[in-house]
Amino acid sequence: MKKRDPALANILKEIKDLKRNVKRVLRDLDYTTSRSARKYLTEELSFLKNQLGWALLDAGELDKGLSVYQSLSWRTDGEEKYNGIARALTEMGYYEDAGRILVKGLKRFPNSGCMLVAMGLIHRRLGYDVDALRYFKKAIKCSPGDRHALYDKALTLSDLGYYEDSLSTISKLMKKYPDEPDYLVETGYCHLMMGYPEKAVEYYKKASDTGLLSSSIYGGLVCAYMDMGLKREALETALEGMREFPEEPGMYENLGEAYFEYGWIDEAKGVLQEGLEKFPDNEGIRKILDKIEDDEKDPDKGNKPSIGTLLILLALIMKKLGKKL
């Protein structure tokens, strides 16, 4: 999922600070002969490298993060090294390689919560949600307070359609982290799927207020507004989402649906066809386009919008383009 993370600037600053501290420790090691001092500095260096590797992965610098983890010692930093390498390989799309690393790591550290979560994430990405859920539950048993395991468990429950169970899990996290945007988004999604669009809008807006800008928020808001019968709000949000995330296929689905709800058939088909040109294998876009084309064959559907609707739509489009009427 593409999103603009307001924390990215902080991550980049953290990387800069960590690199500076790594250089400092390496310099001190060159000039230190005391055995106890060298032991302390070596342990500090391992800690800093682990932090640096994870921050680099958070920033999307996967090759650099992988290189840092590969430089750690198997003897003293084995759990962190297994987990870091596996995360880098997973995010690079090398799921089999990542899985093999984790199998080895879990033989040595069978109760490692972080590696159990990592194994669950691989299964989830491959679509094996039931197996993924099993790993997340085991991770929670090993580390009951692991927020990552709880969050990934909630997401997997949603994928399986157990929205009430997902909401129950995410609510435990919300008590401790009420302003965490990802948790707010998942809470909004659960309410939406459970048939409470007003509550969904409330949580999506709270997530947006934290500074998070994500396609999930736009998509969720569009669906919630449609469920509430707020067609103008849905269309305005869909247009804004398309402007912010033109490379997300879901934005084409949202805008196509919103145009269709307004009766703007040609524009709906146009944006969906444009989406299929960019994402020819996307089933969601294809299904909406097929539905519109089927409705066109019904003489009682597909009517053109009123003049008032046209003026509203024109105003929204001009707003999207940054122009004034």
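This is a predicted model, so every value here is computed, not measured.

Reading the values: rules and limits
- Residues numbered from 1 in each chain as written.
- Predicted model: local features only at pLDDT ≥ 70, side-chain atom pairs only at ≥ 80, totals over all residues.
- Heavy atoms only, no water.
- Helix = DSSP H or I, 4+ residues; strand = E, 2+ residues; numbered from the N terminus.
- Buried < 20%, exposed > 50% of the residue type's maximum accessible area, 1.4 Å probe, protein only.
- Areas by Shrake-Rupley, 256 points an atom, 1.4 Å probe, with all protein chains shown as cover.
- Salt bridge = Lys/Arg side-chain N within 4 Å of Asp/Glu carboxyl O.
- Phe/Tyr/Trp six-rings, centres within 6.5 Å; stacked < 30°, edge-to-face > 60°.
- Lys NZ or Arg CZ within 6 Å of the ring centre and 35° of its normal.
- Patch = residues over 30% accessible without salt bridge, like charges linked within 9 Å, V, L, I, M, F, W, Y side chains within 5 Å.
- Expected span 1.5 Å × (residues − 1).
- Contact = heavy atoms within 4.5 Å.
- pLDDT = per-residue confidence, 0-100.
- Axes fitted to C-alpha atoms, helices over the stretch in contact; angles between N-to-C directions.
- Parallel < 35°, antiparallel > 145°, perpendicular 65-115°, else oblique.
- Left-handed = near helix turned anticlockwise from the far one by under 90°.
- Nonpolar A, V, L, I, M, F, W, Y, C, P; charged D, E, K, R; others polar.

**Quick word on the overall build of the protein chain**
- The number of helices and strands found in the protein chain is 17 helices and two strands.
- Buried residues in the protein chain amount to 45% of all 325 residues.
- For the protein chain, the computed accessible surface area is about 17900 Å², with 51% contributed by carbon and sulfur atoms.

**Notes on the pattern of salt bridges**
- By the definition in use, this model includes 17 salt bridges.
- In this structure, Arg 100 engages Asp 97 in a salt bridge whose closest nitrogen and oxygen atoms are separated by 2.2 Å. Highlighted residues: Arg 100 and Asp 97, both in helix α5 (residues 95-108), separated by three residues, approximately one helical turn.
- Residues Arg 134 and Asp 131 are paired through a salt bridge, measuring 3.7 Å at the closest nitrogen-oxygen approach.

**Notes on the packing of aromatic side chains**
- Going through the model one piece at a time under the given rule, you end up with eight aromatic pairs.
- Ring geometry for Tyr 151 against Tyr 183: centres 5.3 Å apart, planes inclined by 50 degrees, an arrangement best described as tilted. Here Tyr 151, found in helix α8 (residues 147-159), pairs with Tyr 183, found in helix α10 (residues 181-193); they are 32 residues apart in sequence, far enough to count as distant. Exposure class is identical for Tyr 151 and Tyr 183. Each is buried.
- Geometrically, the ring pair formed by Tyr 177 and Tyr 183 is edge-to-face, given 6.2 Å between the ring centres and 65 degrees between the ring planes.
- Overall, Tyr 177 belongs to the partly exposed group, its relative accessible area being 29%.
- Ring pairs connect the aromatic residues Trp 74, Tyr 82 and Phe 109, which therefore count as one cluster.
- The ring of Tyr 135 has Arg 134 sitting right over it, with the charged end atom 4.9 Å from the ring centre.

**Digging into a nonpolar patch on the surface**
- Where nonpolar side chains cluster on the molecular surface, the patch consists of Val 130, Leu 160 and Tyr 162 and spans about 280 Å² of accessible area.
- Locating Val 130 in the fold gives a position in helix α7 (residues 129-142).

**Quick notes on helix α9 (residues 163-176)**
- The first and last C-alpha atoms of α9 sit 20 Å apart over 14 residues, in line with the 20 Å expected at 1.5 Å per residue.
- All buried positions along α9 are accounted for by Tyr 163, Ser 166, Leu 167, Thr 169, Ile 170, Leu 173 and Met 174.
- For α9, the secondary structure elements touched by its buried residues are α8, α10 and α11 (197-209).

**So, the confidence of the model for the protein chain**
- On average, the protein chain scores 89 in pLDDT, and the residues at 70 or more come to 89%.
- Element-level pLDDT for the protein chain is lowest in strand β1 (residues 3-4), with a mean of 45, against a maximum mean of 97 in α5.

**Some remarks on the packing of helix α6 (residues 113-125) against α7**
- Where α6 contacts α7, the axes come no closer than 8 Å and their chain directions differ by 170 degrees. As the angle between them shows, α6 and α7 are arranged roughly antiparallel. Note on packing geometry: the crossing formed by α6 with α7 is left-handed. For the pair α6 and α7, contact is made by Gly 113, Leu 116, Val 117, Met 119, Gly 120, Leu 121, His 123 and Arg 124 and by Asp 129, Asp 131, Ala 132, Tyr 135, Phe 136, Lys 138, Ala 139 and Cys 142, respectively.
- Broken down by class, the residue content of the contact of α6 with α7 amounts to nine nonpolar, three polar and four charged.

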